[in-house]
Every structure is written in C-alpha cells, then in structure tokens.
Amino acid sequence: MRISPLPSRLELSDFLASVEKRAFKQALFAVRNEESALDIVQDAMMKLAEKYGDKPLEELPMLFQRILQNVIRDFYRRQKVRSMWTTLLSAFSGPEEDEHDPLEVIESADSDYKSESPHAQLEQQQTLTAIETEIEKLPPRQREAFLMRYWEEMDIAETAVAMGCSEGSVKTHCSRATHTLAAALAAKGITL
C-alpha cells in the first residue's frame, strides 16, 4: 500500500491559486453577485486549509469542490431563512382567511430583490436587522427551537431530539417565539 505524501504549505498554496479563478466563476454563476462569490470562495479556501490541509494533494480537488458546494448551499440557506423569517412573521400578523404559499412568497422575494429600489432594499435590510435583534431577546429555549426549526430547517422530531424535549414542547416554543417576534416588530411599527 502506497502512502501519499502530505502537501507542503507551498503545494497547498499553489493548489488554491490554481482553483481560485474557476471557483470564483462557479460561485458567481451560482449566486450572481461578485462580492458574495468572493466571500464564498475565500470561505471555502479557508475551510480547506484549516480542516483538510493535512490530506494528500490528490484528494484536495474533490474536497475543495465539496466544500465550495456546501458553502454555496449555506449562502442560499441563509438567504432563504431571512426571507422565511419575514414570511413567517407576516403570516402571524395577516388576516386569518388569507391563504398563501410561503414558498411562492420566498421565490418572488428572491427574484424581485434585484429590481427593488435602493430605498426598498434599505427598508428590507432594516427589517431583517430588527428581526435578528428580536430573536436575540427571545428566551433561550424559544430561540433554540425557533432557530433549529427555521434556520437549520430541522423537522419537529429532529428538533425535539436535539433539545431533549417532546415534540409538543418544540411546537409550543416555536409558536411562542413567532408570536413574540410578531408582537415586538408590530410595536416597532414594522408591518409585514
């Protein structure tokens, strides 16, 4: 059995330099924003160097691709969750008989974001900042349940196992968190 030599710092650096431009293009095609694409590539390179810099050189290309794709997915997950918070909270503050599909709202929010005016984008950013601030104020168990369910996209059973409580408790914590967030935002004059 042949043991592959570990890459030197120079070899790792050369590898990262050789994949940088292609990775940037790949990320740019995925997220359609140069700054975000640069951040994604930098994050992927840092993760490769920190966690897998001791792997054989021939394993690095596949590892880097997996990391890059995971970082791109994380980017989209964060975008989706930001939209979901807004959608989720608006569902609790809107009329009861108003039925809508949250996925349609999320998709339209993502596609309309680029065409919004700078003022509308600023208002959306301020709303997201207010939501994040209010989430930090939630009691720990409510915040934990809310983030696991809507940030980590865990189902109720997974959340219950992770929190060490019943599924009913998870539902209660999430319900209380969303009502608290909706009320706090309404008190600030934010209507969603």
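What you see is a predicted model, and the numbers here were worked out from it, not measured in a lab. (Residues numbered from 1 in each chain as written. Predicted model: local features only at pLDDT ≥ 70, side-chain atom pairs only at ≥ 80, totals over all residues. Heavy atoms only, no water.)

Regarding the overall build of the protein chain
Where we set the bar: Counting from the N terminus, the helices are DSSP H or I runs at least four residues long and the strands are E runs at least two residues long. Every residue pair with non-hydrogen atoms within 4.5 Å of one another is taken to be in contact. The method behind every accessible area is Shrake-Rupley, applied with a 1.4 Å probe, and residues are considered shielded solely by the protein chains displayed.
Scanning the protein chain for helices and strands turns up eight helices and zero strands. Excluding contacts between residues fewer than 6 apart, the proportion of contacts in the protein chain whose partners are at least 24 apart in sequence is 64%. Total accessible area computed for the protein chain in this model is approximately 12300 Å², and 53% of it derives from carbon and sulfur atoms.

Re the pattern of salt bridges
Convention followed: Put simply, a salt bridge is a Lys or Arg side-chain nitrogen that is within 4 Å of an Asp or Glu carboxyl oxygen. Burial classification: accessible surface area is computed with a 1.4 Å probe over protein chains only, and a residue below 20% of its type maximum counts as buried, one above 50% as exposed, and the rest as partly exposed.
Scanning the entire structure with this criterion turns up five salt bridges. Residue Arg141 is joined to Glu144 by a salt bridge in which the shortest nitrogen-to-oxygen separation is 3.4 Å. Placement of the pair is Arg141 and Glu144 together in helix α6 (residues 140-150), with a separation of three residues, close to one helical turn. We classify Arg141 as partly exposed; its relative accessible area is 33%. Three or more residues joined by partner-sharing salt bridges are found here, namely Glu134, Lys137 and Lys188.

Focus on the confidence of the model for the protein chain
In plain terms, the rule: For every residue, the predictor states its confidence as a pLDDT score lying anywhere from 0 to 100.
Looking at the protein chain as a whole, the pLDDT averages 79, with 77% of positions reaching at least 70. Per-residue pLDDT, averaged within each element of the protein chain, yields its smallest value for helix α4 (residues 102-112) (46) and its largest for helix α2 (residues 34-52) (94). Under a pLDDT of 50 for its full length, residues 94-113 has, in the predicted model, 13 contacts with residues more than four places off or in other chains.

Quick look at the packing of aromatic side chains
Under the convention used in this document: Between 30 and 60 degrees the pair is tilted, below 30 it is stacked and above 60 it is edge-to-face, where a pair is any two Phe, Tyr or Trp rings, Trp via its six-membered ring, whose centres lie within 6.5 Å.
This model, assessed by the stated rule, comprises three aromatic pairs. Considering the side-chain rings of Phe15 and Phe64, the 6.2 Å spacing of their centres and the 85° angle between planes classify their relative orientation as edge-to-face. A residue pair is termed long-range when its members are at least 10 positions apart, and Phe15 in helix α1 (residues 9-31) and Phe64 in helix α3 (residues 60-93) qualify at 49 residues. Take Phe64: its relative accessible area is 1%, and that puts it in the buried class. Look at Phe146 and Tyr150: their rings are 5.1 Å apart centre to centre, the planes differ by 55°, and that puts the pair in the tilted class. Taken together, the residues Phe146 and Tyr150, both in helix α6 and four residues apart, mark about one turn of the helix. The pair Phe146 / Tyr150 is uniform in exposure class, with both members buried.

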